[in-house]
Amino acid sequence: MASVREENERMAREAARNCCKQCPHPKPERDEVVDLLNGVRLSVYVAHCQRPGPDCTALVYSHLLSEPPAVANRMVEHLAAVPELAAAGVSWLACLAPDADRLILTYRVPASERVAAAVGAMRVEEFEQEPVGPSCLRCGQPIPLHRLANVPQAVRCWECQTAIERV
């Protein structure tokens, strides 16, 4: 019985997203690719109001087409962390090609222009290198990201921390 209730709630949320007070009719869907001046191609999928305003409930789903998936995913994660863009979240797009899965940035219609401007202002080169965490205070090597995931405040790599704890 709970699954029927959950499905009804999901359908009600979907209906609320596809209609709003400004535009009570179902929103037409739009799927397009925007070529930005920095060479990035932004895929935009939205159920769009006929007259979107600041209270529009429509959500926009965007991902970056022109960059390798790892670079595009780092760019989406960066965008999701920018408070001015008010991202509604990040979801995942599975691709059939190995290592081609992409993150999708979700945001409200009123933020569309701000998101396009933010993506257009990005320098892709800044996202091409794997992120490097802080360096170990003892040996100077970068602390592995899996160590930082387990111990976010770590200041030493596993080997140095183990050596210190053995003494």
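Source: prediction; values computed, not measured. (Residues numbered from 1 in each chain as written. Predicted model: local features only at pLDDT ≥ 70, side-chain atom pairs only at ≥ 80, totals over all residues. Heavy atoms only, no water.)

In this section: the packing of aromatic side chains. Applying the stated criterion across every chain, the model contains one aromatic pair. When the centroid spacing of 6.3 Å and the interplanar angle of 35° are considered together, the rings of Tyr45 and Tyr61 count as tilted. One end of the pair, Tyr45, is in strand S2 (residues 41–47); the other, Tyr61, is in strand S3 (residues 59–64), with 16 residues separating them in the sequence. We classify Tyr45 as partly exposed; its relative accessible area is 31%. Overall, the relative accessible area of 27% leaves Tyr61 in the partly exposed class. (Phe/Tyr/Trp six-rings, centres within 6.5 Å; stacked < 30°, edge-to-face > 60°. Helix = DSSP H or I, 4+ residues; strand = E, 2+ residues; numbered from the N terminus. Buried < 20%, exposed > 50% of the residue type's maximum accessible area, 1.4 Å probe, protein only.)

For the rest of this paragraph, the subject is the side chain of Thr106. Examined against the element boundaries, Thr106 turns out to sit in strand S5 (residues 102–108). A relative accessible area of 9% places Thr106 in the buried class. Here Thr106 is in contact with Leu59, Val60, Tyr61, Ala87, Ala88, Gly89 and Ser91, once residues within four sequence places are set aside. (Contact = heavy atoms within 4.5 Å.)

Here we take up the pairing of S2. Most of S2 is tucked away: five of the seven residues are buried. Alignment of strand S1 (residues 29–35) against S2, held across seven bridges, turns out to be antiparallel. Within S2, the residue paired with Glu32 across the bridge is Val44. Hairpin connection from S1 to S2: five residues lie between these consecutive antiparallel strands, with Gly39 at a positive phi of about 90°. (Pairing = 2+ DSSP bridges.)

Ranked by size, the top nonpolar core spans 26 residues in total, and within it Leu64, Met75 and Val119 carry the most contacts. Listed by contribution, the elements that provide at least two residues to this core are S2, S3, helix H2 (69–80), S5 and helix H3 (112–121). Looking at this core element by element, the count peaks at five residues for H2. Those residues in contact with Met75, other than ones at most four positions away along the chain, are Val40, Leu64, Glu67, Met122, Val124 and Phe127. In terms of nonpolar packing, the next biggest core, distinct from the first, is built from six residues, Cys136, Ile143, Ala154 and Cys157 among them. (Core = buried A, V, L, I, M, F, W, Y, C linked by side-chain atoms within 4.5 Å.)

What follows covers unusual backbone geometry. For residues that are not glycine, phi is negative in most cases, and the peptide bond is trans in most cases. Despite not being glycine, Ala86 has its phi angle at roughly 50°, a positive value. Tracing the backbone through its elements, the reader meets Ala86 in the loop between H2 and strand S4 (89–93). On the accessibility criterion, Ala86 (46% relative accessible area) is partly exposed.

All right, on to the state of the cysteines then. A covalent bond bridging the sulfur atoms of two cysteines is what the word disulfide describes. In this structure the tally under the stated criterion is zero disulfides. The closest cysteine sulfur to the non-disulfide-bonded Cys157 is located on Cys160, 3.5 Å from its own sulfur. For Cys157, a relative accessible area of 5% translates into the label buried. (Disulfide = S-S within 2.5 Å.)

These results come straight from atomic positions and should not be treated as a statement about function.
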